[in-house]
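The lines below spell out each chain.
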Amino acid sequence: MSESTEQVETADRLWREFRQEPFPDSLRHATFGGTHVWLLELDIAGCVLRWLDNSGTLDSKNSVLLKSSIADLDRVIPEINDLAGAQYCRRLHQLAVLASRTS
């Protein structure tokens, strides 16, 4: 099995686990430095889903969006005071980084 195939399979498993979790109530209206967490989640989820649907590839527009969203999460996560919200965002970050490695 190639490293790329393994990454897609790992991401697919993590995606299914992530989709089982509800979006934390503490983050529903949370904004950090002008960044809405729910919008970050939406952008990343869309990119990860496209990446999975395309066997581990993204077009340049979505690749740029994903990398920008990762940078936003890097800035936002340390500011989240709610443990469940921070864990949710760290899992989202993990998925985004995994998808960005081969995009």
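Whatever comes next refers back to the structure up there.
Residues numbered from 1 in each chain as written. Predicted model: local features only at pLDDT ≥ 70, side-chain atom pairs only at ≥ 80, totals over all residues. Heavy atoms only, no water.

**Overview of the packing of helix 2 (residues 37-53) against helix 4 (residues 83-100)**
Right, so step 1: Two elements in contact, helix 2 and helix 4, have axes whose closest approach is 10 Å; the angle formed by their N-to-C orientations is 35°. Crossing hand, helix 2 versus helix 4: left-handed. Of helix 4, the residues touching helix 2 (which contributes V37, E41, I44, V48 and W51) are Y88, C89, L92, L95, A96, L98 and A99. (Axes fitted to C-alpha atoms, helices over the stretch in contact; angles between N-to-C directions. Helix = DSSP H or I, 4+ residues; strand = E, 2+ residues; numbered from the N terminus. Left-handed = near helix turned anticlockwise from the far one by under 90°. Contact = heavy atoms within 4.5 Å.)

**Side note on unusual backbone geometry**
Right, so step 1: If you check the backbone angles, S55 has positive phi at about 55° while not being a glycine.
Right, so step 2: Within the fold, S55 resides in the loop between helix 2 and helix 3 (60-76).
Right, so step 3: Since its relative accessible area comes to 57%, S55 is described here as exposed. (Buried < 20%, exposed > 50% of the residue type's maximum accessible area, 1.4 Å probe, protein only.)

**Overview of the packing of helix 3 against helix 4**
Right, so step 1: Packing of helix 3 against helix 4 leaves a shortest axis separation of 10 Å and a crossing angle of 150°. Crossing angle aside, the handedness with which helix 3 passes helix 4 is left-handed. Every residue of helix 4 that contacts helix 3 at L66, K67, I70, L73 and D74 is listed here: C89, L92, H93, A96, V97, A99 and S100.

**Some remarks on the side chain of T35**
Right, so step 1: Here T35 is to be found in strand 2 (residues 35-36).
Right, so step 2: With a relative accessible area of 11%, T35 lands in the buried category.
Right, so step 3: Engagement of the side chain of T35 in a polar contact is seen with the side chain of R75, the distance being 2.7 Å. (Polar contact = N/O pair within 3.5 Å; in protein donor to acceptor, adjacent residues only side chain to side chain.)

**Some points on a nonpolar patch on the surface**
Right, so step 1: There is a patch of nonpolar side chains on the surface, built from W38, L39 and L42 and spanning about 290 Å² of accessible area.
Right, so step 2: Assignment of secondary structure puts L42 in helix 2. (Patch = residues over 30% accessible without salt bridge, like charges linked within 9 Å, V, L, I, M, F, W, Y side chains within 5 Å. Areas by Shrake-Rupley, 256 points an atom, 1.4 Å probe, with all protein chains shown as cover. Salt bridge = Lys/Arg side-chain N within 4 Å of Asp/Glu carboxyl O.)

**A closer look at the packing of aromatic side chains**
Right, so step 1: Evaluation of the coordinates by the stated rule reveals 3 aromatic pairs.
Right, so step 2: Plain terms: the ring middles of W15 and F18 are 6.2 Å apart, the flat faces sit at 25° to each other, and that makes the pair stacked. With W15 and F18 both in helix 1 (residues 3-20) and 3 residues apart, this pair spans about one turn of that helix.
Right, so step 3: Residue W15 is classed as buried on the basis of its relative accessible area of 9%.
Right, so step 4: When the centroid spacing of 4.8 Å and the interplanar angle of 40° are considered together, the rings of F18 and Y88 count as tilted. Of this pair, F18 sits in helix 1 while Y88 sits in helix 4; the two residues are 70 residues apart in sequence, bridging distant segments of the chain. Like F18, the residue Y88 is buried in the burial classification.
Right, so step 5: Feature note: the residues W15, F18, F23 and Y88 constitute an aromatic cluster, connected by ring pairs. (Phe/Tyr/Trp six-rings, centres within 6.5 Å; stacked < 30°, edge-to-face > 60°.)

By themselves these figures say nothing about function.
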